[in-house]
Amino acid sequence: MKLSFLEPLYARPGPYACAYVDTSRDIEDPETANDLRRRHVRDDLTAQGADTATVAAVAAVIGTDRTVPGRHGQAIFAAQGRLALVEELPDPPVRDLAEFTSLPDAMPLAVQHAPDIPYATVVVHRADLRGETGAQEELQIDLEAGRWPISRVTPGTHSRRRIPAADWQRGVAQVVGELEELADRGGAEVIVVCGEVWARGVLVHRLPRRLSERAIVAEGGAGEGDGGRALLEGELEELFRGRMAVRDRAQAETFMAHRARYGSAAEGMGATVAALQRGQARSLLVNEHTEFDARVWTGPAPTHIALSPVDLRSFGVNAVEEQPADAALIRAAVGTGAELVVVPPHEEPRLADGVGVLLRYSDTATTWVS
């Protein structure tokens, strides 16, 4: 998974005010709950020494995601009185968190973007013609593209059209063309088709082979969608649970092949820190649900990361700080152009300390990954 969405965060110098908050709308009075969260976040950040302007920037955003229904959360980062990054969270945090720190902890946000599977959905069902006197029977077609799971709260491109049911055999060609363009534009790994049995059967039969090979037929799904949520969210949740994106799976398999050949020199906290320090990591691998209790030492640059202050100072870095490992690892990955591979609980590899790296190259100039 590429981490370019985090680049704006590190483009602004710290210190940072960071908040992970539950802004779900499936409760009796969400506005009152969000007012209370704003007060708590203000109090917590102020108590930690955050300046008034930065505290205000964070608090002003909490709960502004009113168009997103159901369970969700927000990740908010600000520095020097201005917002640095605001993202919706598909799952709210277990508990609200507000921190004022020199290094923002973006790992929880990055993990919620995984597995970042690109997909396209199409739902064909009979249109609701109540009140439309004399109207002929029509089919309603909804198409949407997205990246799972972030599309649960930030859906991708969506379009809708109606076609007379009697014209479906001819009109389906237009739908196939639109679906093909949508899938190509987003690099969809999976095409999910749902709706009226006979109508979806005609659609699947007319798909070009390169799409039909990726097509999966799902049951259910009314096709209307819920504003602010992904089309076929429930079906996609079932389909993608515990799954990895094709690119991530390939990198995990490459890592395991290299580990079998060269040993475990590219896993564990020490090896991971060393690889990121040298800019050697093509990808940072993390076992999902890893608890990062370790701390590392960092300097101003993303590659200023080490297990001890002595290590950093030996490279001429004088301004060093002790930081949580996860915050330092994700900054180093973004800063060196590494990707993130989140490995689900029932998938391999199982990594020492829950972390590892797929190397771009080795110290002996042996090319591992092109």
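Above this text sits the structure in question.
The following refers to the structure shown. (Residues numbered from 1 in each chain as written. Predicted model: local features only at pLDDT ≥ 70, side-chain atom pairs only at ≥ 80, totals over all residues. Heavy atoms only, no water.)

### Examining the overall build of the protein
Next up, step 1: A tally of regular secondary structure across the protein gives twelve helices and 15 strands.
Next up, step 2: Reported as C-alpha extents along the three principal axes, the dimensions of the protein are approximately 80 × 55 × 30 Å.
Next up, step 3: Expressed as a percentage of the 370 residues in the protein, the buried residues total 51%.
Next up, step 4: Taking contacts inside the protein between residues at least 6 apart in sequence as the whole, the part at least 24 apart equals 74%.
Next up, step 5: By element, 50% of the accessible surface of the protein is carried by carbon and sulfur atoms, the whole surface being about 16,800 Å².
Next up, step 6: When the 39 positive and 54 negative side-chain charges of the protein are each reduced to one mean point, those points stand 4 Å apart. (Helix = DSSP H or I, 4+ residues; strand = E, 2+ residues; numbered from the N terminus. Buried < 20%, exposed > 50% of the residue type's maximum accessible area, 1.4 Å probe, protein only. Contact = heavy atoms within 4.5 Å. Areas by Shrake-Rupley, 256 points an atom, 1.4 Å probe, with all protein chains shown as cover. Lys, Arg positive; Asp, Glu negative; His and termini not counted. Charge placed at Lys NZ, Arg CZ, Asp CG, Glu CD.)

### Description of unusual backbone geometry
Next up, step 1: In the segment running from Gly14 into Pro15, the intervening peptide bond is cis, with an omega of 5°.
Next up, step 2: Residue placement: Pro15 occurs in the loop between α1 (7-11) and β1 (16-22).
Next up, step 3: Going from Glu348 to Pro349, the amide bond is cis rather than trans, its omega being 10°.
Next up, step 4: Looking at the secondary structure, you find Pro349 in the loop between β14 (339-343) and β15 (355-359).
Next up, step 5: Notably, Gln80 is not glycine yet its phi reads approximately 55°, a positive angle.
Next up, step 6: Relative to the helices and strands, Gln80 resides in the loop between β2 (73-79) and β3 (82-89).
Next up, step 7: Although it is not a glycine, Asp116 sits at a positive phi angle of roughly 55°.
Next up, step 8: For Asp116, the location among the structural elements is in the loop between α4 (107-113) and β5 (117-126).

### Description of helix α6 (residues 197-206)
Next up, step 1: Every buried residue belonging to α6 is among Ala199, Arg200, Val202 and Leu203, and all of these are buried. The buried residues of α6 occupy an angular sector of 155° when projected down its axis, which confines them to one face. Residues of α6 that are exposed and point more than 90 degrees away from the buried face comprise Val197 and His205.
Next up, step 2: Where α6 is buried, its residues contact β5, β6 (138-148), α5 (168-186), β8 (190-195) and β9 (215-218). (Arc of directions from axis to C-beta.)

### Considerations on the sheet that holds strand β10 (residues 281-287)
Next up, step 1: Across the sheet, three strands lie side by side as β14-β10-β15; this open sheet has mixed pairing. If you trace the sheet from one side to the other, it starts and ends with β14 and β15, each paired once. The sheet shows a mean angle of 25° between the axes of neighbouring strands, taken without regard to direction.
Next up, step 2: Pairing of β10 with β14 involves five bridges; the strand directions are parallel. Bridging across to β14, Val286 finds its partner in Val342.
Next up, step 3: Its contacts with the sheet place helix α10 (residues 269-277) against β10 and β15, and it is angled at close to 40° to β15. (Pairing = 2+ DSSP bridges. Axes fitted to C-alpha atoms, helices over the stretch in contact; angles between N-to-C directions.)

### Comments concerning helix α9 (residues 246-262)
Next up, step 1: An ideal rise of 1.5 Å per residue puts 24 Å on 17 residues; α9 measures up with 24 Å between its terminal C-alpha atoms.
Next up, step 2: Among all positions of α9, only Asp248, Arg249, Gln251, Ala252, Phe255 and His258 are buried.
Next up, step 3: In this fold, the buried residues of α9 make contact with β10, β14 and β15.
Next up, step 4: Gly263 lies just past α9 and shows a positive phi near 95°. (Expected span 1.5 Å × (residues − 1).)

### Considerations on the side chain of Glu88
Next up, step 1: Mapped onto the secondary structure, Glu88 falls in strand β3.
Next up, step 2: Those residues in contact with Glu88 that lie beyond four places of it in its chain are Asp65, Val68, His72, Gly73, Gln74, Ile150, Val153 and Thr154.

### Remarks on the packing of aromatic side chains
Next up, step 1: One pass over the full model with this rule turns up three aromatic pairs.
Next up, step 2: Centroid distance Tyr119 to Phe240: 5.9 Å. Interplanar angle 50°. Geometry classified as tilted. Remark: Phe240 occurs in helix α8 (residues 233-240) and Tyr119 occurs in strand β5; sequence separation between them is 121 residues. There is no split in this pair, since Tyr119 and Phe240 are both buried. (Phe/Tyr/Trp six-rings, centres within 6.5 Å; stacked < 30°, edge-to-face > 60°.)

### Quick notes on the packing of helix α2 (residues 30-47) against helix α3 (residues 52-61)
Next up, step 1: Viewed as axis vectors pointing N to C, α2 and α3 meet at an angle of 160°, and their least axial separation amounts to 9 Å. In terms of their interaxial angle, α2 and α3 are classed as roughly antiparallel. In this structure, α2 crosses over α3, and the sense of that crossing is right-handed. Facing α2, whose interface residues are Arg38, Val41, Arg42, Leu45 and Thr46, α3 presents Val55, Val58 and Ala59.
Next up, step 2: A class-by-class count of the residues in the contact of α2 with α3 yields five nonpolar, one polar and two charged. (Parallel < 35°, antiparallel > 145°, perpendicular 65-115°, else oblique. Left-handed = near helix turned anticlockwise from the far one by under 90°. Nonpolar A, V, L, I, M, F, W, Y, C, P; charged D, E, K, R; others polar.)

### Some remarks on the nonpolar core
Looking at soluble globular proteins, one finds that nonpolar side chains tend to be buried together.
Next up, step 1: The biggest cluster of nonpolar side chains holds 54 residues, and the ones touching the most others in it are Leu3, Leu6, Phe77, Leu109, Leu329, Ile330 and Leu340.
Next up, step 2: Take this core: its biggest share by element is eight residues, from helix α12 (residues 325-335).
Next up, step 3: For this core, the domains that each give at least three residues are domain 1 (4-108) and domain 3 (246-359).
Next up, step 4: With sequence-adjacent residues up to four places away left out, Leu3 is seen in contact with Ala110, Ile330, Ala333, Val334, Ala338, Glu339 and Leu340. (Core = buried A, V, L, I, M, F, W, Y, C linked by side-chain atoms within 4.5 Å. Domains from an automatic or database assignment.)

### Examining the sheet that holds β3
Next up, step 1: Strand order in the open sheet formed by four strands is β3-β2-β1-β4, with antiparallel pairing between adjacent strands. At either margin of the open sheet sits one strand with a lone partner, and together these are β3 and β4 (97-101). Going from strand to strand, the sheet's axes swing by 10° on average, the running direction of each strand aside.
Next up, step 2: Summarising the sheet, β2 and β3 pair through seven bridges and their orientation is antiparallel. Residue Ala78 lies in a different strand from β3, and its bridge partner there is Leu83.
Next up, step 3: On top of the sheet, α3 reaches β1, β2 and β3; it is set at about 160° to β2, its chief contact.

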